[in-house]
Amino acid sequence: MHKATLDYAKQQDILDELSNYRNQFHIPKDKHGNELIYMTGNSLGLQPKQTKAYIDQELEDWANLGVEGHTEAKNPWLPYHEFLAESMANVVGAKPIEVVTMNTLTANLHLMMVSFYKPTKTRYKIIIESDAFPSDKYAVESQLRHHGFDDKEGLILWKPRKNEELLRYEDLEAILEKHGNEVALVMIGGVNYYTGQYFDLKRIAKLGHKHQCMVGFDCAHGAGNVALNLHDSGADFAVWCTYKYLNSGPGSLAGCFVHEKHAYNKGLNRFTGWWSHNKQTRFNMRQEFDVLPGAEGWQLSNPPILSMAAIKASLDIFNELGMKKLTDKSKKLTGYFEFLLKQLGEDTIKIITPTNPEARGCQLSIQVLNANKSLHNKLTEAGVISDWREPDVIRCAPTPLYNSFQDVYHMVDKLKKIIREKTYID
């Protein structure tokens, strides 16, 4: 049974077998040198201390070897993306042939839609969540326009019911029963950025395929946070970034999943470049295009090594731990966070994230009665780095790799004091 005491939080940290991993990360500090309570791994993950050494290795090899580093570096640059494949596959629950690290998130989404959004005059519509991450909405709208369709008429929004925040699968089923023969693509955020709702990917993929739709997921808020099990989901494709829960640094490269069932389909329409060409003849320069099997077949260009080195530094930590241990701690940590927040009273605070631990990751999205952004600003002044999303949600993500039970306790204690003082109310 949880207890709302600092002693209890300290005891949980002692019992936590992952607690020492916090020491492998740089924790931001205030101007007085005190560690901040960092709750925004859902936006930008903290830097592993070993990242600098990984990048320095590539800078050193570049300095000493020049172009020869492509083959002679400690980690040769030509196949560098291959060094990430198995670890990344383990994180997202896929086979190595199904994943590749390349480009950035929305660029990968567009490349996937080139291949998997195949509209006809009668089947061209796209289903997304009504409150999908804006970039996803902009991307699918632009794909509709690119193919000559109206971007409002061609977009079907899966909406929550009146006075509800979370989406219901029965409503998606109803949409597909009514419009299924008009829908070419179901493209859903694996974990909704606003509510933190983690969707049943397998259920959605099965439902979409039942109606002959292609199915893809944006897993930006899922990769490194929840057990995505992308291969078993049966989804056609998925994309994600690596700078949130995968701690690879601001704007770092993204990941891409293409299901094994498409691995050897050379007939799939795609945009191509020389890095998706057969490795044996790539440097012959005069060969006709011969696409690589698997997700590698969607690459365009040679890998940006410095970004990949930062990703490798983080993935090596994930590889050492495994997602099972991380998600087990995450459920305990977020469960304790939820318990403490509820002590503030349901008349004061509302958690819009699902209460079922299987239907969420570590993020909790909270609303405080009569609060505006000044409450978030007060939290920041108190040393809590959280995340404000309009109109009235504070997102907090106690990340299992580097957040502690004491972090959670102190964050809620500071929130409680701010609410009690009511200094955030105009």
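Below, the structure is looked at part by part. Since the model is a prediction, treat every value here as computed from it, not as a measurement. Per chain, residues are indexed from 1 in the order of the written sequence. This being a predicted model, a pLDDT of at least 70 is required before a residue's local features are given, and a value of 80 or more before pairs of side-chain atoms are given or counted; all residues contribute to the totals for chains, interfaces and linings. Each side-chain value is derived from all of the structure's non-hydrogen atoms; neither hydrogens nor water enter the calculation.

Quick word on the pattern of salt bridges
Okay, step 1: Put simply, a salt bridge is a Lys or Arg side-chain nitrogen that is within 4 Å of an Asp or Glu carboxyl oxygen. Counted under the stated rule, the structure contains 29 salt bridges.
Okay, step 2: Taking the shortest distance from any N to any O, the salt bridge between E182 and K125 comes out at 3.3 Å. Placement of the pair is E182 in the loop between α7 (169–179) and β5 (183–189) and K125 in strand β3 (residues 125–129), with a sequence separation of 57 residues.
Okay, step 3: Only protein chains enter the accessibility calculation, which uses a 1.4 Å probe; a residue is then buried when its area is under 20% of its type maximum, exposed when over 50%, and partly exposed in between. Given a relative accessible area of 23%, E182 falls into the partly exposed group.
Okay, step 4: Exposure remark for K125: the relative accessible area of 8% places this residue in the buried category. Numbering of helices and strands starts at the N terminus; helices are DSSP runs of H or I of at least 4 residues and strands are runs of E of at least 2.

A short note on unusual backbone geometry
Okay, step 1: With an omega dihedral of 5 degrees, the bond running from E390 to P391 counts as a cis peptide bond.
Okay, step 2: Examined against the element boundaries, P391 turns out to sit in the loop between β12 (387–389) and β13 (393–396).
Okay, step 3: Even without a glycine there, the phi angle at N163 is positive, about 65 degrees.
Okay, step 4: Note on placement: N163 falls in the loop between β4 (155–158) and α7.
Okay, step 5: The class of N163 is exposed, set by a relative accessible area of 75%.
Okay, step 6: A positive phi angle, near 65 degrees, is found at N370, a position not held by glycine.

Quick notes on the side chain of E129
Okay, step 1: Inspection of the secondary structure puts E129 in strand β3.
Okay, step 2: Charge convention: Lys and Arg are scored as positive, Asp and Glu as negative, and His as well as the terminal groups of each chain are ignored. No salt bridge is formed by the buried E129. Its closest oppositely charged neighbour is R395, at 11 Å.
Okay, step 3: Counted as a polar contact is a pair of N or O atoms within 3.5 Å, where, for protein atoms, one must be capable of donating a hydrogen and the other of accepting one, and residues adjacent in sequence contribute only when both atoms are in side chains. Polar side-chain contacts of E129 include one of 2.9 Å to the backbone nitrogen of G189.
Okay, step 4: Should any heavy atoms of two residues lie within 4.5 Å, those residues are considered in contact. The residues touching E129, leaving out its near neighbours within four places in the chain, are L157, W158, L167, M187, I188, G189, N192 and F199.

Quick look at helix α1 (residues 6–15)
Okay, step 1: For α1, every residue scored as buried is listed here: Y8, A9, Q12 and D13. What you see down the axis of α1 is that its buried residues fit within an arc of 140 degrees, all on one side. In α1, the exposed residues that point more than 90 degrees away from the buried face are D7, I14 and L15.
Okay, step 2: Where α1 is buried, its residues contact α11 (323–342) and α13 (405–421). Directions are taken from the helix axis to each C-beta atom, and the arc is the one they span.

Some words on the sheet that holds strand β2 (residues 99–102)
Okay, step 1: By definition, two strands form a pair when at least two bridges between them are found by DSSP. A sheet is described by the order of its strands in space; here seven strands give the open sequence β2-β8-β7-β6-β5-β3-β4, paired in mixed fashion. Either end of the sheet is taken by a strand with one partner, and the two such strands are β2 and β4. Strand after strand, the sheet turns through a mean of 20 degrees between neighbouring axes, direction not considered.
Okay, step 2: Each axis is a line fitted through C-alpha atoms, taken for helices only over the stretch in contact, and angles between the N-to-C directions span 0 to 180 degrees. Helix α5 (residues 105–116) contacts β2, β5, β6 (214–218), β7 (237–241) and β8 (254–258) of the sheet and is inclined by roughly 170 degrees relative to β7.

What to know about the nonpolar core
Okay, step 1: W158, I204 and W240 are the most contacted members of the largest nonpolar core, which has 60 residues in total.
Okay, step 2: Among the elements that make up this core, the one with the highest residue count is helix α10 (residues 305–321) (eight residues).
Okay, step 3: Here, nonpolar core refers to any group of buried Ala, Val, Leu, Ile, Met, Phe, Trp, Tyr and Cys residues whose side-chain atoms link them within 4.5 Å. If you look at the next biggest cluster of nonpolar residues, it comprises 32 residues, including A132, L144, L155 and L268.

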